[in-house]
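# Reading the structure
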Amino acid sequence: ELSVNDFDVCPGGSVEISVDGCDGDVLWETGETTTSITVSPSSSRTYAVSCTDNSTANQLLNGDFESTTDLEDWDDWNNTSITTDPQHVHEGSKAAFVDAASNWGGLGQSVAVSPGEFFTLTFHAKTNNANVNPYFGIVFKDQNWNNLTSWNDAYITSTGYEQYTITGIAPRNS
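Residues numbered from 1 in each chain as written. Predicted model: local features only at pLDDT ≥ 70, side-chain atom pairs only at ≥ 80, totals over all residues. Heavy atoms only, no water.

Under the definition given, this model contains one salt bridge. Between Glu29 and Arg45 there is a salt bridge; the shortest N-O distance is 2.3 Å. Of the two residues, Glu29 sits in the loop between strand E3 (25-28) and strand E4 (36-39) while Arg45 sits in the loop between E4 and strand E5 (49-52), which places them 16 residues apart along the sequence. On the basis of relative accessible area, Glu29 is assigned to the partly exposed category, the value being 45%. Since its relative accessible area comes to 41%, Arg45 is described here as partly exposed. (Salt bridge = Lys/Arg side-chain N within 4 Å of Asp/Glu carboxyl O. Helix = DSSP H or I, 4+ residues; strand = E, 2+ residues; numbered from the N terminus. Buried < 20%, exposed > 50% of the residue type's maximum accessible area, 1.4 Å probe, protein only.)

The phi dihedral of Asp73 is positive, around 75 degrees, even though this residue is not glycine. Within the secondary structure, Asp73 is located in the loop between E5 and strand E6 (75-78). Here Asp73 falls in the partly exposed class, since its relative accessible area comes to 39%. Here Trp145, not a glycine, exhibits a phi torsion of approximately 65 degrees, which is positive. Mapped onto the elements of the fold, Trp145 is located in the loop between strand E11 (135-141) and strand E12 (147-155). Of the residues examined, Trp145 reaches a relative accessible area of 55% and is grouped as exposed.

We now examine the packing of aromatic side chains. All chains considered together, the criterion is met by two aromatic pairs. Residues Phe123 and Tyr164 carry aromatic rings whose centres are separated by 5.5 Å and whose planes lie at 15 degrees to one another, so their mutual orientation is stacked. Of the two residues, Phe123 is situated in strand E10 (residues 118-125) and Tyr164 in strand E13 (residues 162-169); the sequence distance between them amounts to 41 residues. Across the pair, exposure class does not vary: Phe123 and Tyr164 are buried alike. Through successive ring pairs, a cluster of aromatic residues spans Phe123, Phe136 and Tyr164. (Phe/Tyr/Trp six-rings, centres within 6.5 Å; stacked < 30°, edge-to-face > 60°.)

Spelled out as structure tokens, the structure:
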């Protein structure tokens, strides 16, 4: 809920107006991004402000693998590297490459969520061997890092890049 108070200002005067109840990014029509602004209107007018919920922002760090330290913020579970080979890069100049042709491999990242929090994960992926059942999975853990539940929601079957989207709600105790 977003609330803003009404004020009366005498000609030549100024007043500070503020917005309450925004847990995201504030943007006033004046271009300012703070929760309070000082205005000096010359006539009666209304100031518009918006609040963008930043909980839907990408929570992955180095999600495009463009960091200069390659797998920064990612855990390499086996056989993962960063490639600049154009045949493996969807956007930008780098991509994660899991070479698990003869052995298990993958990568992961821990992201803190709140119980009951809605999430959306969107990514692009492809495989050169759908017979090995490559997939994207999510594991929810409690505060002691015990597994609560896991999802193998996106099996990667295309040899060309496809966009995959997984949505859900974080379980209780996560």
